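Understanding the architecture of this molecule
Here is how the chains run, residue by residue.
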Amino acid sequence: MWPSRNRTGTITCPACGTEVSRSMTREYDKYGDRWDRKNKTFEHLCKSCHSDLCPHPRNELEELLVELEAGERSQVVFLSRYTSAVEDRYGTLEEES
């Protein structure tokens, strides 16, 4: 893979909020298709957050986060609403076992 031409400056990791130099980040495509680069912008995660990523598909996740107004409520309120919404749509973990 060719290196990015823009490796200067600092990036704020959207996952943890840490500011790191661009050279200490990894490219992330929230749609899961980092190889199709036409008309696309990428987010950059710090190496620690990038290594913690789950490789599983995130179908419907972004729509759910927007619907639940993620980032506009307290963490406790958001997590409560998120848990309820996920259980309503997909059932509880115990049901899948």
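Our subject in this report is the structure included herewith. Please read all numbers here as calculations on a predicted model, not as lab measurements.

1. Thoughts on the state of the cysteines
Tallied over the full model, the rule gives zero disulfides. No disulfide involves C16; its nearest neighbouring cysteine sulfur is the one of C49, lying 3.7 Å away. Here C46 stays free of any disulfide, with the sulfur of C49 as its closest cysteine sulfur at 3.5 Å. C46 gets classed as buried once you look at its relative accessible area, which sits at 8%.

2. Concerning the pattern of salt bridges
Enumeration over the complete set of coordinates arrives at two salt bridges. Where E67 meets R89, a salt bridge forms, and the shortest distance between an N and an O atom there is 2.7 Å. Within this pair, whereas E67 is found in helix α2 (residues 61-67), its partner R89 is found in helix α3 (residues 75-90), the two being separated by 22 residues in sequence. Taking the relative accessible area as the measure of exposure, E67 reaches 48% and is therefore partly exposed. Residues E69 and R73 are paired through a salt bridge, measuring 2.2 Å at the closest nitrogen-oxygen approach. Classification of E69 as partly exposed rests on a relative accessible area of 29%.

Conventions used here
Residues numbered from 1 in each chain as written. Predicted model: local features only at pLDDT ≥ 70, side-chain atom pairs only at ≥ 80, totals over all residues. Heavy atoms only, no water. Disulfide = S-S within 2.5 Å. Buried < 20%, exposed > 50% of the residue type's maximum accessible area, 1.4 Å probe, protein only. Salt bridge = Lys/Arg side-chain N within 4 Å of Asp/Glu carboxyl O. Helix = DSSP H or I, 4+ residues; strand = E, 2+ residues; numbered from the N terminus.

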